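Here is how the chains run, residue by residue.
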Amino acid sequence: MRSGASYEHDYELRDKRWLDGRAGTPVLMLRSRRGRLGRKLIHAVVFAPVTYSLLSLLGLWWLVAAVHITSTDILPAPALVAERAVELTHSPYGSETLFGHALTSIVRVTAGFASGCVAGIAVGILMRYVYAIRYFADPILAFLRPVPAFAFVTVLITWFGLGELPKVMLIFLAVFSLTTVFTAAAMEALPPQMQDAARTLGATGWRLFWFVQVPAALPDVLVGMRLTLALAWTAVMGAELVAADSGLGWMVWNAVRFGQTEVVFVAVVGIAVIGALMDLLLVLLTQALTGNWRTHMRSS
Amino acid sequence: MNLASRCRQILEAGPIRGLAAAVAVIAVWELLVAITNQPSAVFPPPDTVARTLQALAADGFSNADLSSHIGRSLARVALGLLASLAVGVPIGFLMGRSTLLRRALTPFITLFRPIPPFAFLAILIVWFGIGETSKVLVIFLGCVTIVALSTLDGVLRMPAEYREAALTLGANRRQVFLRVVMPGTLPQILNGTRVALAVAWTALIAAEWVGTQEGVGAIILQSSKFLRTDQALAGIVILGIFGALTDRLIVLLQHVSTDWASR
């Protein structure tokens, strides 16, 4: 079915994929409709630019550190940071090793992100079908959306103590409101012709929901989830700033306090890497879940 | 028009809906206070927070007027956001113009965008201390990638025919840029600015958490330190009001600046 021309087309669009990934516009239609060639393409797209940017950043960092414009306290050389990172994998920093802190943060993010997504998607779907919920939720969300979840951190600690609950709640708050907005918008975006067509063919009730609404909305919801995942990482750093003795965020702030610049870099790079990996996981999930729905929708 | 649809029309009006939602939130809040039965210092009822808000407006907070705290926060957000527009928009246009530049820069932006503002803040504090520089810079860094990408998105999305038509009609390149490309990408730029604004408020609160006595974030932090939960909640309400107002401002700009689309 595929011709050289459409391959070209795909390749041209690859810049757009990077663009729209988190910009909130659905472009999941670009990939995944090809077999082996498609996979090659994914590799070319995902790995080449990332490798290139990482390598040049590292090069720049190394160069600036090497010419000693600044002291090591301000900008430690990459080798120094790597050395410290390796050291921290077996000797503990504070209560745990690097892996221990990373795992703590990952668990917090995952718990908050998952619960926030489930609740947000549920409310978003309800907003589509229940007028009363839509009536009240719209203005509340308009008010809440620009309020950073982080502002609630001390209040949450007052209410729920110093344990894991307020931290997970904070991430939940950061994820929930935006997921709701995304889901509601995605549910609204179903072209009326598709709904009419499905009705004409005899679909009603849950069939209409499951086989038409959900597949149509899912790609947009998944794109939104990539955005909220980044927010979840922001939130966990906030939560660990205020009251924690573990986690990568705590490492960063503790190291800032004691002027251990290499540790700051180790933890920040760690957060960036884990965040990127979780993002990649979400992209793969998107691939697996949505396959080529959008392609068919757009071309029909 | 019959009575039912008339009622419905009134109920659907924006301000009425906002009011209804506010009433609903306050009612649920009161209900939660009644159910949980916590002391007012832990979970204050809405009227306590309203009174605290009034007191804040009248007496100010830690030797400064409320308006000066709000002004400080707004100035930081505005400065960071405007700086990110001043840098991000030209970068976006340049990336839209040159494929080479686009290929070269996109991976960096992709790499930087998901990094939380807090992470930037930590490094900025190490580099610049806890002064205004790192506060504005953290807002700038959080916003600039979003602005650049949405500008680029706008340039790439604009149908080539628009530019070609203008060229055919004898416009020179400057005119094409000023009269076609700029207004054509404005909706996307403003969309991006709106997303960036939410990031800016988050970054602001993060920035005001560390080493400052002034700003809405400082009010929230200081209040919670002394278990003045009512005052912290009042701070959050202020934040919400100004967050929503600035958000509305951008939406208004969107309507005004894109009326060409409906012409």
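Rules used throughout
Residues numbered from 1 in each chain as written. Chains lettered and ligands numbered in written order. Predicted model: local features only at pLDDT ≥ 70, side-chain atom pairs only at ≥ 80, totals over all residues. Helix = DSSP H or I, 4+ residues; strand = E, 2+ residues; numbered from the N terminus. Rg over C-alpha atoms; globule rule 2.2 N^0.38 Å. Buried ≥ 20, exposed ≤ 12 C-beta atoms within 10 Å, placed from the backbone. Contact = placed C-beta atoms within 7 Å. Axes fitted to C-alpha atoms, helices over the stretch in contact; angles between N-to-C directions. Parallel < 35°, antiparallel > 145°, perpendicular 65-115°, else oblique. Left-handed = near helix turned anticlockwise from the far one by under 90°. Nonpolar A, V, L, I, M, F, W, Y, C, P; charged D, E, K, R; others polar. Core = buried A, V, L, I, M, F, W, Y, C linked by C-beta atoms within 7 Å. pLDDT = per-residue confidence, 0-100. Expected span 1.5 Å × (residues − 1).

When you go through chain B residue by residue, the secondary structure sums to 11 helices and zero strands. Across chain B, helices and strands are ordered from the amino to the carboxyl terminus as α-α-α-α-α-α-α-α-α-α-α. Relative to its length of 263 residues, chain B is extended, with a C-alpha radius of gyration of 23 Å against a globular reference of 18 Å. With the C-alpha coordinates aligned to their principal axes, the bounding extent of chain B is approximately 70 × 65 × 30 Å. Residues classed as buried in chain B amount to 39% of the 263 residues present.

The next thing to look at is the overall build of chain A. Tallying secondary structure elements over chain A gives 13 helices and zero strands in all. Looking at the 300 residues of chain A, the share that counts as buried comes to 41%. Sequence separation of 24 or more characterises 71% of the internal contacts of chain A that already satisfy a separation of 6 or more.

Residue and element names in this part refer to chain A. Interhelical geometry of helix H5 (residues 98-129) versus helix H10 (residues 205-242) gives an angle of 135 degrees and a closest axis separation of 10 Å. Comparing the axis directions of H5 and H10 gives the class oblique. Considering the relative orientation of H5 and H10, their crossing is right-handed. Two secondary-structure elements touch here, H5 through Ser105, Arg108, Val109, Gly112, Phe113, Gly116, Cys117 and Ile121 and H10 through Val221, Met225, Thr228, Leu229, Ala232, Trp233, Ala235 and Val236. Split into classes, the residues belonging to the contact of H5 with H10 amount to 11 nonpolar, four polar and one charged.

Right, let's get into the environment of glutamine 38 of chain B. Residues and elements named next belong to chain B. Within the secondary structure layout, glutamine 38 lies in the loop between helix H2 (14-36) and helix H3 (46-59). Overall, glutamine 38 belongs to the partly exposed group, with 14 C-beta atoms counted inside 10 Å. On a C-alpha basis, the gap between glutamine 38 and isoleucine 26 in space is 17 Å, while along the polypeptide they are 12 residues apart.

By secondary structure assignment, the location of phenylalanine 152 of chain A is in the loop between helix H6 (131-144) and helix H7 (153-160). Separated by 136 residues in sequence, phenylalanine 152 of chain A and alanine 288 of chain A have C-alpha atoms that sit 36 Å apart. Discounting chain neighbours no more than four positions away, the residues touching phenylalanine 152 of chain A are Leu170 and Leu173 of chain A together with Ile236 of chain B.

Turning our eyes to something else, we now look at the nonpolar core. Here is a general trend for soluble globular proteins: nonpolar side chains tend to be buried in one another's company. Core analysis: the biggest nonpolar cluster contains 132 residues, and Leu170, Ile171, Ala232 and Val252 of chain A together with Ala122, Ile139 and Ala200 of chain B have the highest contact counts within it. Here this core takes 16 residues from H10 of chain A, the largest share from any one element. Residue contacts for alanine 122 of chain B: discarding those within four places in its chain leaves Val252, Trp253, Val256, Val264 and Val268 of chain A.

Between two packed helices, both the angle of their axes relative to each other and the distance between the axes serve to describe the pair. All names here are of chain A. At a minimum axis distance of 6 Å, the contact between H5 and H6 shows a crossing angle of 120 degrees. Put simply, H5 runs oblique to H6. Of the two possible hands of crossing, H5 and H6 adopt the one that is left-handed. Seen from H5, the contacting residues are Val123, Leu126 and Met127; seen from H6, they are Ile133, Arg134 and Ala137. Here the contact of H5 with H6 is built from residues that sort into five nonpolar, no polar and one charged.

The next point concerns the interface of chain A and chain B. In this assembly, 47 residues from chain A lie in contact with 51 residues from chain B. Within the residue set of the side of chain A that touches chain B, elements represented by two or more residues are helix H2 (14-23), helix H3 (36-66), H6, H7, H10, helix H11 (248-257) and helix H12 (261-290) of chain A. In the side of chain A that touches chain B, the residues fall into 34 nonpolar, seven polar and six charged.

Glancing now at the confidence of the model for chain B. Residue and element names in this part refer to chain B. In the predicted model, chain B carries a mean pLDDT of 85, and the fraction of residues at 70 or more is 98%. When the elements of chain B are averaged for pLDDT, helix H1 (residues 3-12) gives the smallest value, 74, and helix H4 (residues 66-97) the largest, 92. Interface scoring of the predicted complex returns ipTM 0.80; its pTM is 0.80.

Residues and elements named next belong to chain A. By secondary structure assignment, the location of leucine 208 is in helix H10. In the structure, leucine 208 is positioned 13 residues away from glutamine 195 in sequence and 7.7 Å away in space, judged by C-alpha atoms. Every residue in contact with leucine 208, bar those within four places of it in the chain, is listed here: Ala198, Ala203 and Gln213.

Turning our eyes to something else, we now look at the confidence of the model for chain A. Residues and elements named next belong to chain A. Looking at chain A, pLDDT values average 78 and 79% of them are 70 or higher. Taking the mean pLDDT of every element in chain A, the minimum, 33, falls on helix H1 (residues 4-12) and the maximum, 93, on H5. Taken together, the stretch residues 1-34 has pLDDT below 50 and engages in 55 contacts with residues farther than four places along the chain or on a different chain. With pLDDT under 50 throughout, residues 295-300 is counted as low confidence; its partners more than four residues away or in other chains account for four contacts.

The subject of this paragraph is helix H11 (residues 229-257) of chain B. Compared with an ideal rise of 1.5 Å per residue, which puts 29 residues at 42 Å, H11 of chain B spans 42 Å between its outermost C-alpha atoms and is within 8% of the ideal. When we look at burial in H11 of chain B, the residues that qualify are Thr229, Asp230, Gln231, Ala232, Leu233, Ala234, Gly235, Ile236, Ile238, Leu239, Gly243 and Thr246 of chain B. Residues of H11 of chain B that are buried make contact with H7 of chain A together with H3, H4, helix H9 (173-209) and helix H10 (216-225) of chain B.

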